Amino acid sequence: MDGDTSREKLQEQIRLQGERVRKLKIEKAEAQQALFERDTIMNRFAEKQSLQDMFPICKFHLKVLQNWSNKCSLRHLCQVKDEVAKLLELKAQLGDDPGKGKFVLKCPKGTKDYNPEQMSIREGAFKTIISCFKRHGAETIDTPVFELRETLKGKYGEDSKLIYDLQDQGGELLSLRYDLTVPFARYLAMNKITNIKRYHIAKVYRRDNPAMTRGRFREFYQCDFDIAGQYDAMIPDAECVKLVVEILTKLELGDFVVKVNHRKLLDGMFAACGVPDDKFRTICSSVDKLDKTFWDDVRSEMIDEKKLDPAAADRIGTYVKLKGGLDLIEALLTDEDLKKQKAAVEGLEDLKLLLKYCDLFGILDKVSFDLSLARGLDYYTGVIYEAVLQGFAHNPSAGSDEGECQCRQCGWWWKIRWSGWVFSILESRANSSNVKTRTTDTEVFVVSAHNGLLEARMKLCNELWDADIKTEQSYKKNPKSLSQFQYCESSGIPIAVIIGSSELEKNIVKLRIVETREEVEVPREKMVDEIRSTLARLSQQKTQNNASGS
C-alpha cells in the first residue's frame, strides 16, 4: 500500500511539473512574439517614420512590448530547459517509458512517404528528364545534403529564415541545403571551375509552412541544369528554353508556354516609373507575386507596406500587364521613357535576339514575352524564363495551381530548375486512368506446376538472371499455381515460364503470355532467345497500341 501511495504522489508531482512546463512554454512563446512585434515596430521607426505618422497607440504598445522583452531574458529562456529536465527526472523515478502508449507513427510535418506506384512514376520522370539533360551534353555532380551555415546564410534574402539549422555535433555550425544553387556555386569556387554543363537531382529542405494539398513540402526534389562559363549573348539561354520545351513535350504534361523576361528590362522599367534605386529589389519581389495574386493586392503592398509613390505603382501597372512577342519588343524599343534607360534597352535587345534563336530552334510558338515575370533575388541578372502549364487554371484567391519550371541567367551561369509539381501532375493523371502503374521491371516469373520443384525453379531463375533477364519466383516451397499466375497478372509481368515433371523430362519449358494466356513449348537451350524475341514483340505491340490510341 505504501508503494502505491508513493507512486500516486510521484504521479501528482509529474502532473504539476508538466503544467509548470506548459505554462512556461506559453509565456516563452508570447514573449518571443512580443519581441518580434517590437522589432517590427523599431524597424519601421528606423525607416525614418516619425511617431506622429503612426497610430497614437503605438507608443503605448511599444512600451508594453518592451516590458515583455525584459521577461524574455536568457535566464527566463533557460528556465524552460531546467523545468523540462526536472520533469524527465521525475518520470525516470516513476520507472515508466515516457513514450509508452503515446507513440504515434507519422511522418514529420511537411514530409510524406511515397508508395511503389508513386516512385515508379517519379523514376520514369527522372529518366525522361535525365535523358534530355544528357542529350545536351550535361554531366552530373553531387554535393552534401548539409553545408556550413555561413555558406548558406545571407544568400536568400528574406527566405534565409526558412533554412534548417543543425545542432553543432562536430565542431561546425551546419544547415540543410535550401536549394542546389548555392552548393553548386561553392563547388565551382572550391574546384576553380569556370566552364561546366551539369545537372543535379536531389532533395532540398525548407522550414516553410507546408501546404500538402497544394504540393508545398518541407522536403522535396529539385532537378537543376546549369551552364557555367562566359559565352556570347543569348546562345545558352536559347538552348535552355529549347531544353525546357523538349522535357515538357516528352513528359506529355499538356499545353504549356515558356514566359520570358529580362532582369535588366525590369530594372530599367522601375527606373522609368520613378522607383528609387534602393527599392528595386523589394518592388521586384512584389511584382513577382503577380502569378499568385491580383494586381490590386500587389499595388497595395508596394504603396502601403513598401511606401512606393502611388503614381510610380500605377506606371508599373501599365507595363506588367503586357505580354506578346517580337511586336511587343519593337513597340517597347520606341517607348520614350524606356529609351532613356540603358538597362531597359539592353534587356529588350537581348530578348529580341533570344526570340530569334528560339525561332531557329523551332520553338517560337511556345515562347511568350511577359513583363509580369519577375524575380527578387540578387543573383538573377539576365534573362528569366518560366514554363507554365496552360491546362491549370490560375486562381489568385486560392493560390497558384500552375506548374512552373524556373529558369534564369545567374551572373555567368544559366540555370533550369524543376520542382515537384511535375510528379504531382503525373500522379494525378495515373490515378484518373484505369491503367495500373507497374512498380517493377520484372520480365519473367518462373511458375512451378506442382509441388517439389523448388530446386528446379531456383536453377531456372539462376539461368535467366545470368542471361540478364529480370526474373522472379515465389518464396514458398510449394506455391499454388493459381496464386502464381494471379501474381503475374496483378504485377503486370508479361511472361510466365512454367516447369513441371513432364517439362523436366523433355528438357523443355512452357512460355505463357500472361495477358493473352497463350502458351508455347520451347526447348530449354532456346529458352533465353525465345524470351528475348517475345519481349521485343510485346514491346513493339505496346508501342503501336499507344500510338493508335493517342
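What counts as what
- Residues numbered from 1 in each chain as written.
- Predicted model: local features only at pLDDT ≥ 70, side-chain atom pairs only at ≥ 80, totals over all residues.
- Heavy atoms only, no water.
- UniProt positions renumbered as here; feature names shortened; annotations may be inferred.
- Helix = DSSP H or I, 4+ residues; strand = E, 2+ residues; numbered from the N terminus.
- Contact = heavy atoms within 4.5 Å.
- Areas by Shrake-Rupley, 256 points an atom, 1.4 Å probe, with all protein chains shown as cover.
- Core = buried A, V, L, I, M, F, W, Y, C linked by side-chain atoms within 4.5 Å.
- Buried < 20%, exposed > 50% of the residue type's maximum accessible area, 1.4 Å probe, protein only.
- Domains from an automatic or database assignment.
- Pairing = 2+ DSSP bridges.
- Axes fitted to C-alpha atoms, helices over the stretch in contact; angles between N-to-C directions.
- Arc of directions from axis to C-beta.
- Polar contact = N/O pair within 3.5 Å; in protein donor to acceptor, adjacent residues only side chain to side chain.
- Salt bridge = Lys/Arg side-chain N within 4 Å of Asp/Glu carboxyl O.
- Parallel < 35°, antiparallel > 145°, perpendicular 65-115°, else oblique.
- Left-handed = near helix turned anticlockwise from the far one by under 90°.
- Nonpolar A, V, L, I, M, F, W, Y, C, P; charged D, E, K, R; others polar.
- Expected span 1.5 Å × (residues − 1).

- As recorded in an unreviewed UniProt entry, the protein goes by the name histidine--tRNA ligase, listed as coming from Mytilus coruscus.
- The Catalytic activity (unreviewed entry) field of the UniProt record for the protein holds the comment "tRNA(His) + L-histidine + ATP = L-histidyl-tRNA(His) + AMP + diphosphate + H(+)".
- Looking at the protein in UniProt, the text filed under Sequence similarities (unreviewed entry) is "Belongs to the class-II aminoacyl-tRNA synthetase family."

## Observations regarding the overall build of the protein
Part 1: Scanning the protein from terminus to terminus reveals 19 helices and 17 strands.
Part 2: Considering only contacts in the protein between residues 6 or more positions apart, those separated by 24 or more positions represent 69%.
Part 3: Surface accessibility of the protein: about 31200 Å² in total, with carbon and sulfur atoms responsible for 51%.

## Some words on the nonpolar core
Part 1: Counting 73 residues, the largest nonpolar core has V258, M269, F270, I316, L354 and F369 as its most contacted members.
Part 2: In terms of domain composition, this core takes at least three residues from each of domain 2 (110-230 + 416-438) and domain 3 (255-392 + 400-411).
Part 3: Other than its neighbours up to four places away in sequence, F270 contacts V275, F280, I283, C284, V287 and I316.
Part 4: Membership of the second largest hydrophobic core comes to 20 residues, among which are A456, I499, V522 and M527.

## A few points about the sheet that holds strand β15 (residues 495-499)
Part 1: If you trace the 5 strands from one edge of the open sheet to the other, you get β14-β13-β15-β16-β17, paired in mixed fashion. Of all the strands in the sheet, just β14 (471-473) and β17 (519-523) have a single pairing partner and so form its edges. Sheet twist, expressed as the mean angle between neighbouring strand axes with direction ignored, is 30°.
Part 2: Two strands pair when backbone bridges link them, and strand β16 (residues 508-513) and β17 are joined in this way by 5 bridges, in the antiparallel orientation. If you follow L511 over to β17, its bridge partner there is V520.
Part 3: Docked against the sheet, helix α16 (residues 454-466) engages β13 (444-448), β14, β15 and β16, running at close to 170° with respect to β14.
Part 4: Of the strands in this sheet, β13, β14, β15 and β16 are in contact with helix α17 (residues 481-491), which crosses β13 at around 170°.

## Brief notes about helix α11 (residues 310-320)
Part 1: Within α11, burial applies to A312, A313, I316, G317, Y319 and V320. The arc enclosing the buried residues of α11, seen along the axis, measures out at 165°, which places them on a common side.
Part 2: Against α8 (263-272), α9 (280-287), α10 (295-305), α12 (326-333), α13 (336-339) and β9 (367-370) lie the buried residues of α11.
Part 3: Of the residues that open α11, the one with a side-chain oxygen 2.9 Å from the backbone nitrogen of A311 is D309.

## Some words on the sheet that holds strand β2 (residues 146-148)
Part 1: One open sheet holds the 3 strands; their spatial order is β2-β4-β3, and the pairing between them is antiparallel. With partners counted over all chains shown, the strands left at the sheet margins are β2 and β3 (165-166), one partner each.
Part 2: Here 2 bridges tie β3 to strand β4 (residues 174-176), and the two strands are oriented antiparallel to one another. Bridging from a neighbouring strand, D165 pairs with S175 of β4.

## What about the environment of L460?
Part 1: Mapped onto the fold, L460 is located in helix α16.
Part 2: Taking the C-alpha atoms as reference, L460 lies 9.6 Å from R524; in sequence the two are 64 residues apart.
Part 3: Here L460 is in contact with V446, V497, I499, V509, R524 and M527, once residues within four sequence places are set aside.

## Observations regarding the pattern of salt bridges
Part 1: Tallied over the entire structure, the rule returns 26 salt bridges.
Part 2: For E427, the salt bridge goes to R122, with nearest N and O atoms at 3.5 Å. Taken together, the residues E427 in helix α15 (residues 421-432) and R122 in helix α4 (residues 116-135) connect sequence positions 305 residues apart.
Part 3: We classify E427 as buried; its relative accessible area is 12%.
Part 4: Where D165 meets K153, a salt bridge forms, and the shortest distance between an N and an O atom there is 3.4 Å. Here D165 is found in strand β3, whereas its partner K153 is found in the loop between α5 (149-152) and β3, with 12 residues between them in sequence.
Part 5: According to the relative accessible area criterion, D165 is partly exposed, its value standing at 39%.

## A closer look at the packing of α9 against α10
Part 1: Where α9 meets α10, the axes come as close as 9 Å, and the angle between the chain directions of the two elements is 160°. One finds that α9 runs roughly antiparallel with respect to α10. Like other packed secondary-structure pairs, α9 and α10 cross with a definite hand, here right-handed. Residues I283, S286 and V287 of α9 form the contact with α10, whose own contacting residues are V298, E301 and M302.
Part 2: Per-class residue counts for the contact of α9 with α10 are 4 nonpolar, 1 polar and 1 charged.

## Focus: the side chain of R122
Part 1: Overall, R122 belongs to the buried group, its relative accessible area being 7%.
Part 2: Other than its neighbours up to four places away in sequence, R122 contacts Y114, Y221, F423 and E427.

## Quick look at helix α7 (residues 235-251)
Part 1: An ideal rise of 1.5 Å per residue puts 24 Å on 17 residues; α7 measures up with 25 Å between its terminal C-alpha atoms.
Part 2: For α7, a buried count of 12 out of 17 residues is recorded, marking the element as mostly surrounded by other parts of the structure.
Part 3: Within α7, the full set of buried residues consists of P236, D237, A238, C240, V241, L243, V244, V245, E246, I247, L248 and L251.
Part 4: After α7 finishes, the residue E252 shows a positive phi value of roughly 55°.

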